[in-house]
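Here's the letter readout for the chains.
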Amino acid sequence: MGNDSANQMWGGRFSAGPDAIMEAINASISFDKRMAAQDIAGSRAHAAMLASTGILSDSDAEAIRKGLLTVLSEIEEGRFEFSAALEDIHMNVEARLKEIIGAPAGRLHTGRSRNDQVATDFKLWVRDQIDAAIDGLRALVAALIAQAEAGADWVMPGFTHLQTAQPVTWGHHMMAYVEMFGRDIGRFSDARARMNECPLGAAALAGTSFPIDRHMTAQALGFDRPAANSLDAVSDRDFALEFLAAASICAMHLSRFAEELVIWSSAQFRFVTLSDRFSTGSSIMPQKKNPDAAELIRAKIGRIFGANVALMTVMKGLPLAYSKDMQEDKEQVFDAADNLMLALAAMEGMVRDMTANRASLAAAAGSGFSTATDLADWLVRVLGIPFRDAHHVTGQLVAMAEGRGCDLPDLTLDDMQSVHSNITADVFTVLGVENSVASRTSYGGTAPEQVRAQVARWKEVLK
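Read on for an overview of the structure. Since the model is a prediction, treat every value here as computed from it, not as a measurement. (Residues numbered from 1 in each chain as written. Predicted model: local features only at pLDDT ≥ 70, side-chain atom pairs only at ≥ 80, totals over all residues. Heavy atoms only, no water.)

### Re the layout of surface pockets
What counts, and what does not: Definitions used throughout: a 1 Å grid over protein atoms alone; a cavity as a set of points that fits a 1.4 Å probe which cannot get out; a pocket as an open set with protein on both sides within 12 Å along at least five of seven lines; a lining residue as one with an atom within 4 Å of a point. Grid points are joined across faces, edges and corners, and a volume is the space filled by probe spheres set on the points. Counting from the N terminus, the helices are the DSSP runs of H or I reaching at least four residues and the strands are the DSSP runs of E reaching at least two. When residues are grouped by polarity, Ala, Val, Leu, Ile, Met, Phe, Trp, Tyr, Cys and Pro land in nonpolar, Asp, Glu, Lys and Arg in charged, and all others, Gly among them, in polar.
By volume, the largest pocket is sized at about 540 Å³. Surrounding the largest pocket, 25 residues form its lining, Phe159, His173, Ala176, Tyr177 and Glu260 being those nearest its centre. If one sorts the elements of the lining of the largest pocket by residue count, helix α8 (residues 170-195) sits on top with seven residues. In terms of residue class, the lining of the largest pocket is built from 12 nonpolar, nine polar and four charged. Roughly 370 Å³ of internal volume is contained in the second largest pocket. Lining the second largest pocket we find 16 residues, and of these Ser265, Ser266, Ala267, Lys288 and Lys289 sit closest to its centre. Residue assignment for the lining of the second largest pocket shows that the elements contributing at least two residues are β5 (272-273) and β7 (289-290). Its residues assigned to classes, the lining of the second largest pocket shows five nonpolar, eight polar and three charged.

Now the structure itself:
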């Protein structure tokens, strides 16, 4: 192969050759600059600890403290010049600190390494994201509770296999998602509690010979305790994986609800009307209003699942302790966190703005022989018929109604007695959809009184 073809292989943006390629693959500043605030918080805590333990003079520590605040304000105000040559956020901050305060900047890195520094920064960042996700979920749950309370006794069809099953209430359906998102809050909270150990002071992998106080830095950064093993502290990213796992389950719940909103807002269902703020019109079909926000939420889960699989794949083959592979831990997590927060905000907005079409819900609730189970239950409860026999009798009555193009409550008592002679007029008390939902008073059932009890319980939880 001649030199010409070899040069072509470098190609495009890497025409400068191996040096440019190495800088491009090695540098992480383009994305890890997002952790600037966390990096500076960690450095401030570390410097204060170095002064407290006598490793650093008070004057150097004060210079570092002021210098770091200057760097932070430059970054927050958009005046900071990030350099790919300096590889990452840690080196960028340290280099700028040296320009501002001189020699003391070189003492900041005493008793730590970039390995424990990046693990601490990333953990702080993920912890902040967990807090944001919990806030977003609480807002979504509050919006669902408001919908549930408004329609606690509005009847609608309940489905299995997307076929009409039994009538339920709108409030009950909304509260089902409250339970799901409530468990998501629990998962994020659990992940936060488990990850709240501080890697700072683990140094490169073995700890340090300097008399540092790791409990002091852990406390300053809001951790419960320092991480107990220096090898583990710098080399695991299970805290990020656990965040992604919780995010994936939450996104799956969001996607299921989004799917229902797409179906419910269709002309065939007309169960809900989504607000114009979360819909778009068609470019050529004036009658259409597309549930784009719901569809995009449904799609976002692909990115969040993907991030989970990608990071699991990065980590699965790494021997202890740190490997450069782990630089690939951030972009996926940043992207997943961004998209989760966007999906949560969009779903909360849609739920707050949407209008349930009570008449359409009620009409659909009464169709599809939705009270057939109530009829079967009545035959068992009142006539003492074995359930299998009651199921058979009900099936014959459904077939009769279907043949006449009517629903079960429209059959006459004579019609019913022609199938089973012991049926009485009392049967009609269970056949209306309102009667059906009102009768489901078991704990967690769809009866309006049960829905209101769960609404009240959740309002207390949210307090």
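Still more to cover.
### Notes on the pairing of strand β1 (residues 155-160)
Remark: a regular strand shows side chains that alternate across the two faces of the sheet. Put simply, the test is: For two strands to pair, DSSP has to find at least two bridges joining them.
Both β1 and strand β2 (residues 163-169) contribute to a ladder of five bridges, which runs antiparallel. Within the sheet, the bridge partner assigned to Phe159 lies in β2 and is Thr164. Linking two consecutive strands that pair antiparallel, namely β1 and β2, is a turn of two residues; a positive phi of about 60° is found at His161 within it.

### Re the side chain of Lys123
What counts is decided by this rule: Whether a residue is buried, partly exposed or exposed follows from its accessible area with a 1.4 Å probe, protein chains only, as a fraction of its type maximum: under 20%, in between, or over 50%, in that order. Lys and Arg are tallied as positive, Asp and Glu as negative. Neither His nor the chain termini are counted. Each reported salt bridge corresponds to a side-chain nitrogen of Lys or Arg within 4 Å of a carboxyl oxygen of Asp or Glu. Two N or O atoms count as a polar contact when they lie within 3.5 Å, although within protein this holds only if one can serve as hydrogen donor and the other as acceptor, and sequence-adjacent residues are included solely when both atoms are side-chain atoms. Contacts are residue-level and defined by heavy atoms, with any inter-residue pair within 4.5 Å sufficient.
Looking at the secondary structure, you find Lys123 in helix α7 (residues 114-150). Comment: no salt bridge for buried Lys123; closest opposite-charge side chain is Glu197, at 5.4 Å. A distance of 3.1 Å separates the side chain of Lys123 from the backbone oxygen of Met195, its partner in a polar contact. Residues within four places of Lys123 in sequence aside, it is in contact with Met195, Glu197, Pro199, Phe223 and Phe239.

### Notes on the environment of Ile55
Its location among the elements puts Ile55 in the loop between α4 (36-52) and α5 (58-76). Among the residues examined, Ile55 registers a relative accessible area of 23% and is labelled partly exposed. Each C-alpha atom of the pair Ile55 and Ser28 lies 31 Å from the other, and the pair is 27 residues apart in sequence.

### Looking at helix α12 (residues 292-315)
Counted only if it meets this: A helix is expected to span 1.5 Å multiplied by its residue count minus one.
Taking 1.5 Å per residue, 24 residues should reach 34 Å; α12 reaches 36 Å between its end C-alpha atoms and fits that length. Of the positions making up α12, those classed as buried are Ala293, Ala294, Ile297, Lys300, Ile301, Ile304, Ala307, Asn308, Leu311 and Met315. Taken together, the buried residues of α12 touch α10 (230-235), α11 (238-264) and α13 (330-353).

### Some details on the packing of α11 against α13
Two packed helices can be described by the angle between their axes and the distance between those axes. Short version of the rule: Geometry is summarised by axes, namely lines fitted to C-alpha atoms with helices restricted to the contacting stretch, and by angles between N-to-C directions that run from 0 to 180 degrees. Take the far helix as your reference; a near helix turned counterclockwise from it by less than a right angle gives a left-handed crossing, and one turned clockwise gives a right-handed crossing.
Two elements in contact, α11 and α13, have axes whose closest approach is 10 Å; the angle formed by their N-to-C orientations is 35°. For the element pair α11 and α13, the recorded crossing hand is left-handed. Residues Ala240, Phe243, Leu244, Ala247, Cys250, Ala251, Leu254, Phe257, Ala258 and Leu261 of α11 form the contact with α13, whose participating residues are Val333, Ala336, Ala337, Leu340, Ala343, Leu344, Met347, Met350 and Val351.

### Here we look at the packing of aromatic side chains
Inclusion rule: Aromatic contacts are taken between Phe, Tyr and Trp rings whose centres are within 6.5 Å, Trp giving its six-membered ring; a plane angle under 30 degrees counts as stacked, one over 60 as edge-to-face, and the others as tilted.
The tally for this structure, following the rule as stated, stands at 12 aromatic pairs. Measuring from ring centre to ring centre gives 5.6 Å for Phe122 and Phe239, while their planes differ by 70°; the resulting arrangement is edge-to-face. Pair noted here: Phe122 is in helix α7 and Phe239 is in helix α11, with a separation of 117 residues, a long-range link. Residue classification places Phe122 among the buried positions, given a relative accessible area of 0%. Ring centres of Trp170 and Trp264 lie 5.6 Å apart, and the angle between their planes is 45°; this geometry places the pair in the tilted category. Taken as a pair, Trp170 in helix α8 and Trp264 in helix α11 lie far apart in primary sequence, 94 residues in all.

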